[in-house]
Amino acid sequence: MTGYHLAQVNIARVLAPLDSPAPDDILAGLAPVNDLGDGQPGFVWRLQPAQGAAAVHTFRLDAETDLTVIVNLTVWESADALADFVFRHDQGAFLRRRREWFHPTARATNALWWVPAGHRPGTPEAEERVRHLRTHGPTATAFTFRLTFPPPDRRISLVPGSGPEPAAEPASPADVEVPRSLAAGG
């Protein structure tokens, strides 16, 4: 067990104004997805919006103007718990309609990062993680499922003696935890 949990943010910029009928359709679809996620093994916390099923926040990413986005911000016990929910549960019908509701983007709109157990990230922290990922690509500060990083208390040093404790001997390959996405071939 680790002293860290995995935070994830997913942002989406809506096509229609938030007071139009289209966002009502989005919110109606988000509620069952949120309810399903809230009941999953490994789920810890979700940002609860003041009203409705989605949190709305104004992000400033890169040099773009302020963007009003819907924010999904959650915390999970592990990357595997989040991956199980994201990739193994049928959210397809809702997700297939995303082009009806959201602006397409070629830039990162989600990010993963480790937080100390008990920490509840806010939207400013999430915004910074997405910005970091867009600027630097996947790092231990912000990453994606394509390249995950272990929690800070499970990272290893490849330089003997440079970790928190002096290295007595090099670790054998079997002792080294490879990020799940690399172990699975990318």
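Calculation notes
- Residues numbered from 1 in each chain as written.
- Predicted model: local features only at pLDDT ≥ 70, side-chain atom pairs only at ≥ 80, totals over all residues.
- Heavy atoms only, no water.
- Salt bridge = Lys/Arg side-chain N within 4 Å of Asp/Glu carboxyl O.
- Helix = DSSP H or I, 4+ residues; strand = E, 2+ residues; numbered from the N terminus.
- Buried < 20%, exposed > 50% of the residue type's maximum accessible area, 1.4 Å probe, protein only.
- Phe/Tyr/Trp six-rings, centres within 6.5 Å; stacked < 30°, edge-to-face > 60°.

Undergrad: How should the pattern of salt bridges be read in this particular structure?
TA: As a working rule, side chains carrying opposite charge can pair if their charged atoms are close by. All chains considered together, the criterion is met by four salt bridges. With a shortest N-O distance of 2.7 Å, Arg131 and Glu127 are connected by a salt bridge. Placement of both Arg131 and Glu127 in helix α5 (residues 123–136) is noted, with a separation of four residues, approximately one turn of the helix. Owing to a relative accessible area of 24%, Arg131 belongs among the partly exposed residues under this scheme. Two residues, Arg131 and Glu128, come together in a salt bridge whose shortest N-O distance is 2.6 Å. Within this pair, Arg131 and its partner Glu128 are both found in helix α5, separated by three residues, close to a single helical turn. Residues joined by salt bridges that share partners form a network here, namely Glu127, Glu128 and Arg131.

Undergrad: What is the right way to read the packing of aromatic side chains from this model?
TA: Two measures describe an aromatic ring pair: the distance that separates the ring centres and the angle between the ring planes. Taken as a whole and judged by the stated rule, the model has five aromatic pairs. Centroid distance Trp114 to Phe143: 6.5 Å. Interplanar angle 35°. Geometry classified as tilted. Placement of the pair is Trp114 in strand β5 (residues 110–116) and Phe143 in the loop between α5 and α6 (180–183), with a sequence separation of 29 residues. Exposure class is identical for Trp114 and Phe143. Each is buried. A ring pair is formed by Phe143 and Phe149, whose centres lie 5.7 Å apart and whose planes are at 55°; its orientation type is tilted. The buried category is assigned to Phe143, whose relative accessible area is 0%. Counting every residue linked through ring pairs, the aromatic cluster contains Phe43, Trp76 and Phe85.

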